Number of protein chains: 2
Amino acid sequence: MEKIDVKIKAVKERTYPILIGENLLDDAYEFIRNVTDAGRFLIVTNNTVYSLYGDKMKDDDADFIIVPDGEEYKNREILNTIIDKALKMKLERKDAIIALGGGVIGDMAGCAAAMYQRGIDFIQIPTTLLAQLDSSVGGKVAVNHKLGKNVIGFFYQPKLVLADTNTLNSLDDRQFKTGLAEAIKYAFIEKTCNAGEDFNLFEFFKKNRDEIYNKNHKILKQLIKMCCILKSSVVNQDEKEKGLRAILNFGHTYAHAIEIVTDYRYYTHGEAVSIGMKLIFDLAKEIGLISDKYYNDSISLINDYGLITKLGINPGKEIFYDAMLSDKKVKDKKIRFVMPVREKEVRFYNNIDKNMILRGI
Amino acid sequence: MEKIDVKIKAVKERTYPILIGENLLDDAYEFIRNVTDAGRFLIVTNNTVYSLYGDKMKDDDADFIIVPDGEEYKNREILNTIIDKALKMKLERKDAIIALGGGVIGDMAGCAAAMYQRGIDFIQIPTTLLAQLDSSVGGKVAVNHKLGKNVIGFFYQPKLVLADTNTLNSLDDRQFKTGLAEAIKYAFIEKTCNAGEDFNLFEFFKKNRDEIYNKNHKILKQLIKMCCILKSSVVNQDEKEKGLRAILNFGHTYAHAIEIVTDYRYYTHGEAVSIGMKLIFDLAKEIGLISDKYYNDSISLINDYGLITKLGINPGKEIFYDAMLSDKKVKDKKIRFVMPVREKEVRFYNNIDKNMILRGI
């Protein structure tokens, strides 16, 4: 088992462990009771995950709530049903909410924990690759609105992240790839900014393509660990996204707009991210920020992993631009892009010409 | 103008000013722009307050949202309309939400600010006595649910509290008294626990009854200042209510249940609090915790100010007890009471007999 201790500088005494390993679900409550005094638990999950892992999490002190699966259900209405359930079971302030599932479940369970009785303990048990290496770490939780992605939410840190890599075996190809898109994002992040670590994830991806696709657990554990360390290093420096943390949204300015204009139904989050990263590299190349080699190496990696890079719909440029304007990084009505420049360097740009931005749409 | 700087120990660099004085609304944006870089503002208010003070707050950079007046509308549905409005006006992460009104407005505007884009700047402009001396200070914001009072909400500190005492002139007798009930609560708090100050509020109330009822601004300013200092002293020691802060809920365990069983419609919050305080003193006397003199002095003060002390409805004991169990201080299904014992001493009791608790209902 791998253990990472995430520290948040801005707040005293706020630190929590990420545990990564096989068969961790078998001893879930042992790990959980180490970090919380909760007497009872509300476990938020969906039908698919419940049928696979519900049995392992059954306990006299735990109630389940099954919510519908998919980014299009990550909204206030479903969030309210979680809070109503907590109230009906008279969950108390010292009790805890557990997220058992992917990023959507983690986001909604986290929002409910942040809102219930002004905040109760929150445990993340991510069961998808995307959630294990990205969304369960860092404390960002949110729900969507038809006018914006993740526009309602919180910085709310979990007490524990429990990543059982066995759960990755049940992912289908599409779900697995959506996680890989975010993982490859970390390769770009590491290549383009100084996150304080030197894993050379880019090379790791080039070298281990087959092992990763065969779900070699040793390699996946390494990958998840490196991504979690990179993310928590960035988050530790900038929990509330005053600066550096925005790098984690590499490719996401386009990705969120893609999700909004397709009502969160057409692409998975990772698919939107890989398209978004391609668009950002195109833009960076077009403006002349990066060399041909840098561009080609990056696009090759995305292609090697068979990720989607082409937007298969035509949303209309104005509609797309309007969706981009709902991004939380927009300041004074200007869209703020995180752009690669050269090795270990990234810059923020907020004055890119609208036609240039929309060139690939 | 009086200025109090509220510090929150638990979080680095978190401090905000409370300004108390006459005519502060005339220079509102000057004070506001001192504490925030917001480019635009969403002002949450109700019809009554808007018609009285809306003109003073009009600005090219400010939009208003008018929400219905009353505790029974302090719910998720109305909160959602505030967030929808912020999204529609494309409020950005650096912008701010302003509460212009009483406690209900402050609670809902604060929740919206806490939830919007993971938290944006929040300004409190309380216009009732209750909000100026109690609810706008301390960072507790919440909405109600039919299953519990203030059960959905946050600890979310404002950037500024601007209390213009002129606004108190427009309060009717009932609204004014609801504020006095919370103010008298501070007299009991000061008498019963060590909040770190020594104002002798109890004597202040005995001495200044007529001045207070005549809305003598010098006296009211003093009163608001003392209550704010007492509250912020307690909050500074215990922002997240791990212990001491629960004292601020003196009388509120009964009060919240009264509000729940009457659907938040029948009594104002302050009326429920004065009934709740009377019930707590009765209980303390019955159990033998306090002397007759302590009891008589306390009840006399409540009566001197003409506050309601008798529950005018019969909710049924079981229904009432069930409502009490939804209190956020309930732990292991036991109701936790803050009880006076003797001068400067208060204790928490969680094993009081159910029949004894419900004796006065």
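Cut-offs and rules
- Residues numbered from 1 in each chain as written.
- Chains lettered and ligands numbered in written order.
- Predicted model: local features only at pLDDT ≥ 70, side-chain atom pairs only at ≥ 80, totals over all residues.
- Helix = DSSP H or I, 4+ residues; strand = E, 2+ residues; numbered from the N terminus.
- Rg over C-alpha atoms; globule rule 2.2 N^0.38 Å.
- Buried ≥ 20, exposed ≤ 12 C-beta atoms within 10 Å, placed from the backbone.
- Contact = placed C-beta atoms within 7 Å.
- Nonpolar A, V, L, I, M, F, W, Y, C, P; charged D, E, K, R; others polar.
- Pairing = 2+ DSSP bridges.
- Axes fitted to C-alpha atoms, helices over the stretch in contact; angles between N-to-C directions.
- Core = buried A, V, L, I, M, F, W, Y, C linked by C-beta atoms within 7 Å.
- Least-squares fit on C-alpha atoms with pLDDT ≥ 70 in both.
- Expected span 1.5 Å × (residues − 1).
- Parallel < 35°, antiparallel > 145°, perpendicular 65-115°, else oblique.
- Left-handed = near helix turned anticlockwise from the far one by under 90°.
- Domains from an automatic or database assignment.
- pLDDT = per-residue confidence, 0-100.

**Some details on the overall build of chain A**
Within chain A, the secondary structure is distributed over 14 helices and eleven strands. A compact globule built from 361 residues should have a C-alpha radius of gyration of about 21 Å, and chain A, at 20 Å, falls within 12% of that. Summarising its shape, the C-alpha atoms of chain A cover approximately 60 × 40 × 40 Å along the three principal directions. In chain A, which comprises 361 residues, the proportion classed as buried is 51%. In chain A, once contacts between residues fewer than 6 apart in sequence are set aside, the share between residues at least 24 apart is 71%.

**Some remarks on the interface of chain A and chain B**
On the side of chain B, 33 residues touch chain A, which itself brings 33 residues to the contact. Those elements giving two or more residues to the side of chain A that touches chain B turn out to be α3 (76-88), β7 (140-145) and β8 (148-155) of chain A. The biggest single contributor to the side of chain A that touches chain B is β8(A), with six residues. For the side of chain A that touches chain B, the per-class residue count stands at 14 nonpolar, eight polar and eleven charged.

**A few points about the sheet that holds strand β3 (residues 41-45) of chain A**
All names here are of chain A. As summarised here, the arrangement of the seven strands in space is β1-β2-β9-β6-β5-β3-β4, forming an open sheet in which the pairing is mixed. Whereas interior strands pair on both sides, the edge strands pair on one side only; in this sheet they are β1 (2-7) and β4 (62-66). The mean angle between the axes of side-by-side strands here comes to 20°, regardless of whether they run parallel or antiparallel. Relative to strand β5 (residues 96-101), β3 runs parallel, the two sharing four bridges. Each residue of the ladder has a partner; that of V44, found in β5, is A99. Packing of helix α4 (residues 103-115) onto the sheet brings it into contact with β3, β5 and β6 (121-126), and relative to β5 it is tilted by some 170°.

**A look at the sheet that holds strand β1 (residues 2-7) of chain B**
Either a parallel or an antiparallel arrangement is found when strands of a sheet pair, and the pairing is made through backbone hydrogen bonds. Residue and element names in this part refer to chain B. One open sheet holds the seven strands; their spatial order is β1-β2-β9-β6-β5-β3-β4, and the pairing between them is mixed. The sheet is open, and its two edges are formed by β1 and β4 (62-66), each paired on a single side. Averaged over all pairs of adjacent strands, the angle between strand axes in this sheet comes to 20°, irrespective of strand direction. Here strand β3 (residues 41-45) runs beside β4; their pairing, made up of five bridges, is parallel. From the neighbouring strand, T45 faces β4, where its bridge partner is I66. Of the strands in this sheet, β1, β2 (15-21) and β9 (160-164) touch helix α9 (residues 217-237), which is tilted by about 10° from β1.

**As for the nonpolar core**
The biggest cluster of nonpolar side chains holds 229 residues, and the ones touching the most others in it are A:V44, A:A112, B:V44 and B:A112. The contact partners of B:A112, leaving out residues within four places of it in the chain, are B:V44, B:L79, B:I82, B:I83, B:A86 and B:I97.

**Here's the deal with the relation of the copies chain A and chain B**
The transformation that overlays chain A on chain B combines an axial shift of 0.0 Å with a rotation of 180°, and the residual RMSD is 0.0 Å. What the superposition gives is, in effect, a two-fold axis relating one chain to the other. When the interface residues of chain A are mapped onto chain B, 100% of them again lie at the interface, so the same face is used by both copies.

**Looking at helix α11 (residues 269-287) of chain A**
Relative to the 27 Å expected for 19 residues at 1.5 Å per residue, α11(A) spans 27 Å between its end C-alpha atoms, a close match to the ideal helical length. Looking at the residues trailing α11(A), positive phi occurs at A:G288, about 90°.

**Examining the environment of B:N214**
For B:N214, the location among the structural elements is in the loop between α8 (209-213) and α9. Placed 45 residues apart in sequence, B:N214 and B:N169 show a C-alpha to C-alpha distance of 9.7 Å.

**Side note on the packing of α11(A) against helix α12 (residues 292-304) of chain A**
Residues and elements named next belong to chain A. Two elements in contact, α11 and α12, have axes separated by 10 Å at closest approach and are oriented at 165°. Classified by the angle between their axes, α11 and α12 sit roughly antiparallel to one another. α12 is crossed by α11, and the crossing has left-handed handedness. When α11 is examined against α12, the residues S274, M277, K278, F281 and K285 are found in contact with a partner set consisting of Y295, S298, I299 and I302. Tallied by class, the residues present in the contact of α11 with α12 amount to five nonpolar, two polar and two charged.

**Focus on the packing of α3(A) against α4(A)**
In helix packing, the relevant descriptors are the interaxial angle and the interaxial distance, both defined with respect to the helix axes. Residues and elements named next belong to chain A. Here α3 crosses α4 at 50°, and the two axes come no closer than 9 Å. When the axes of α3 and α4 are compared, the pair comes out oblique. As for how α3 packs across α4, the hand of that crossing is right-handed. Here I78, L79, I82, I83 and A86 of α3 come into contact with α4, specifically with M108, A109, C111, A112 and M115. In terms of residue class, the contact of α3 with α4 is made up of ten nonpolar, no polar and no charged.

**Side note on the pairing of strand β7 (residues 140-145) of chain B**
Residues and elements named next belong to chain B. Most of β7 sits out of view: five of its six residues are buried. Judged from the five bridges that link them, β7 and strand β8 (residues 148-155) form a sheet pairing that is antiparallel. Across the sheet, the residue bridging to V143 is I152, located in β8. If you look at the hairpin formed by β7 and β8, you'll find two residues sitting between the two strands.

**Quick look at the domain arrangement of chain A**
Residue and element names in this part refer to chain A. The domain architecture assigned to chain A consists of domain 1 (2-170) and domain 2 (175-357). With centres defined by C-alpha atoms, the gap from domain 1 to domain 2 works out at 25 Å. The partner domain 2 presents 33 residues to the 33 residues of domain 1 that form the contact. Mapped onto the side of domain 1 that touches domain 2, the elements with two or more residues apiece are β1, β2 (15-21), α5 (129-135) and β8. Examining the composition of the side of domain 1 that touches domain 2, we find that five residues originate from one element, α5, more than from any other. A breakdown of the residues in the side of domain 1 that touches domain 2 according to their chemical character gives 15 nonpolar, ten polar and eight charged.

**Here's the deal with unusual backbone geometry**
Residue and element names in this part refer to chain A. The backbone of Q117 sits at a positive phi, close to 50°, despite the residue not being glycine. Along the chain, Q117 turns up in the loop between α4 and β6. The phi dihedral of R118 falls on the positive side, at around 65°, and the residue is not glycine. Positionally, R118 belongs in the loop between α4 and β6.

**Here we look at the environment of A:E71**
All names here are of chain A. By the element assignment, E71 lies in the loop between β4 and α3. Sequence separation between E71 and R265 is 194 residues, and the spatial gap between their C-alpha atoms is 7.1 Å. Leave out the neighbours within four places in its chain, and E71 touches V104, E259, Y264 and H269.

**A word on the confidence of the model for chain A**
Overall, the prediction assigns chain A a mean pLDDT of 91, with 96% of residues at 70 or greater. The ipTM for the predicted assembly is 0.88, set against a pTM of 0.90.

**Quick notes on the environment of B:E318**
All names here are of chain B. Looking at the element boundaries, E318 is found in helix α13 (residues 317-324). According to the C-beta neighbour criterion, E318 is exposed, with 10 such atoms within 10 Å. Separated by 24 residues in sequence, E318 and R342 place their C-alpha atoms 31 Å apart.

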